[in-house]
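Each chain, letter by letter, is given below.
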Amino acid sequence: MLREQLEKIEFESLAPYAAKSADSRGRKYPEARHPFRTEFQRDRDRIVHSTAFRRLQYKTQVFVNHEGDHYRTRLTHTIEVAIVSRSIARALRLNEDLTEALALAHDLGHTPFGHAGEEALNEILRDHGGFEHNRQCLRVVDLIERRYPDFPGLNLTYELREGILKHHSDSDFPDPPSDLRTDYGPSLESQIVNMADEIAYNCHDVDDGLSSGIIDEKQLEKLAVWEQGVARLGGKAGDNQGVRRHSLIRFLIDYLVTDLVNNSCDIITAERPADADDIRKNHKLLIMFSGIIAEENRELKKFLNNNLYRNARLLGMAENAKKMLINLFNSYLENPGNLPPHISLRLQDNATILVVADYIAGMTDRFAAAEYEKLTKK
Ligand code: MG
């Protein structure tokens, strides 16, 4: 099928307020359109082929990589966000390709060692505007990836770049690139990824938390949402704990996604947005849970915060990782000669502190740990 036919199908089958690839505001460096892929499909492919995407495999989500092979990494988290996002987009007749591309890109700006790494870089860059992973994600796709002879970055469409910036509904974003409109709110496709991210990590963190033994089912029984899953499952899993856990997690994902789709559909029907611009211009946040489920979801987040993320074992790992990255940073700053040649090249046009921060932010957990050993323990 040719691109023009795919674009026609979008106009015929998607909702009037869905983003249409033929209507894209285009790319910063103009390129001819592709014969059989839409603009957003092409964005998605560029993201998957990027170096930053492959490195997600060795970046921490919650559990540091060496803790075990079956915990979520940034990569498997990203893939879960992408499939949840696509299901929601399809159900609401929104642009599935744009949503998928945004989901695959959404964590490209994450540092090694999860939020501990982000905190370390935020401290390091305190006098330089701080560090924020969505902004870093935009730096990765706009500047840091070098794959084309004619331009830096991946030259993604405006819609992708704007969606990355507004991945969080809070549009208060320091120092945005001058070509992106910051007075506009997020597209519905971007709002979906924001919610799918939350659904994916809440559910898989319960799963990984249970499998690690840091939390147990007894604790979860206090949560209304968990109790519903238990009642639905009854005795069906017998005493097979693995099947029981997977069944309850499956229920949890479906319960949250179904409410999000149904409630957002009701809100959109009542609001009747004219087109995609109507949503962005008027800051309409239409992708949300119903009142009761929003409260149950808040309860779940609070539970994870108190019982998993603040667990002594995880906090200890985070503290070590933070110290390691700060020491590694100082070591490069004192001896920039230790930077590899392709990074040193950037020192000609950029402040050393920013070049080193970009370099460290892009590292995987294991590469950062190996560099730390090599440079600070001679
Ligand atoms: Mg995420």
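Residues numbered from 1 in each chain as written. Predicted model: local features only at pLDDT ≥ 70, side-chain atom pairs only at ≥ 80, totals over all residues. Heavy atoms only, no water.

Caption draft 1: Representation of the coordination of the magnesium ion in the model. Those donors, His77 (NE2), His106 (NE2), Asp107 (OD) and Asp197 (OD), are the protein atoms that reach the magnesium ion, and they lie 2.2 to 2.6 Å from it. As a motif over one chain, the donors of the magnesium ion read H-x28-H-D-x89-D. Residue His106 is found in the loop between helix 5 (96-105) and helix 6 (114-124), and its partner Asp197 is found in helix 9 (residues 188-212); the two are separated by 91 residues along the sequence. You'll find His106 and Asp197 in the same group, each marked buried. (Donors = N, O, S within 2.8 Å, 3.2 Å for Na, K, Ca; no water. Helix = DSSP H or I, 4+ residues; strand = E, 2+ residues; numbered from the N terminus. Buried < 20%, exposed > 50% of the residue type's maximum accessible area, 1.4 Å probe, protein only.)

Caption draft 2: The arrangement of the side chain of His106 in detail. The exposure class of His106 is buried, given its relative accessible area of 3%. A polar atom in the side chain of His106 sits 3.3 Å from the side chain of His77. (Polar contact = N/O pair within 3.5 Å; in protein donor to acceptor, adjacent residues only side chain to side chain.)

Caption draft 3: Looking closely at the confidence of the model for the chain. A residue-level look at the chain finds 97% of positions with pLDDT of 70 or above and a mean pLDDT of 93. Taken together, the stretch residues 169-173 has pLDDT below 50 and engages in 9 contacts with residues farther than four places along the chain or on a different chain. (pLDDT = per-residue confidence, 0-100. Contact = heavy atoms within 4.5 Å.)

Caption draft 4: Spatial organisation of the packing of aromatic side chains. Tallied over the entire structure, the rule returns 5 aromatic pairs. Here the aromatic residues Tyr29, Tyr148 and Phe151 are joined through ring pairs into a cluster of three or more. Its end group placed over the ring of Tyr58, Arg366 keeps NZ or CZ at 3.7 Å from the ring centre. (Phe/Tyr/Trp six-rings, centres within 6.5 Å; stacked < 30°, edge-to-face > 60°. Lys NZ or Arg CZ within 6 Å of the ring centre and 35° of its normal.)

Caption draft 5: Quick look at helix 15 (residues 312-334). With 23 residues, helix 15 extends 33 Å from end C-alpha to end C-alpha; this agrees with the ideal 33 Å at 1.5 Å per step. If you check which residues of helix 15 are buried, you get Leu314, Met317, Ala321, Lys322, Met324, Leu325, Leu328, Phe329, Ser331 and Tyr332. Next to the buried residues of helix 15 lie helix 6, helix 14 (291-309), helix 17 (352-362) and helix 18 (365-376). One side-chain oxygen at the N-terminal end of helix 15 lies 2.8 Å from the backbone nitrogen of Arg313; it belongs to Asn311. (Expected span 1.5 Å × (residues − 1).)

Caption draft 6: Broad picture of the pattern of salt bridges. Under the definition given, this model contains 41 salt bridges. Salt-bridge contacts for Arg33 lead to Glu7; the nearest nitrogen and oxygen are separated by 3.8 Å. Pair noted here: Arg33 is in the loop between helix 1 (3-13) and helix 2 (39-48) and Glu7 is in helix 1, with a separation of 26 residues, a long-range link. Relative accessible area serves as the criterion here: at 32%, Arg33 is assigned to the partly exposed category. The salt bridge partner of Glu96 is Arg86, with a shortest N-O separation of 3.0 Å. Of the two residues, Glu96 sits in helix 5 while Arg86 sits in helix 4 (residues 74-91), which places them 10 residues apart along the sequence. Through salt bridges with shared partners, one network takes in Arg3, Glu4, Glu7, Arg27, Glu31, Arg33, Glu39, Arg42, Asp43 and Arg46. (Salt bridge = Lys/Arg side-chain N within 4 Å of Asp/Glu carboxyl O.)

Caption draft 7: Structural view of the side chain of Ser290. The residue Ser290 is located in the loop between helix 13 (276-281) and helix 14 in this model. A polar side-chain atom of Ser290 sits 2.7 Å from a polar atom in the side chain of Asp259. Residues within four places of Ser290 in sequence aside, it is in contact with Asp259 and Asn263.

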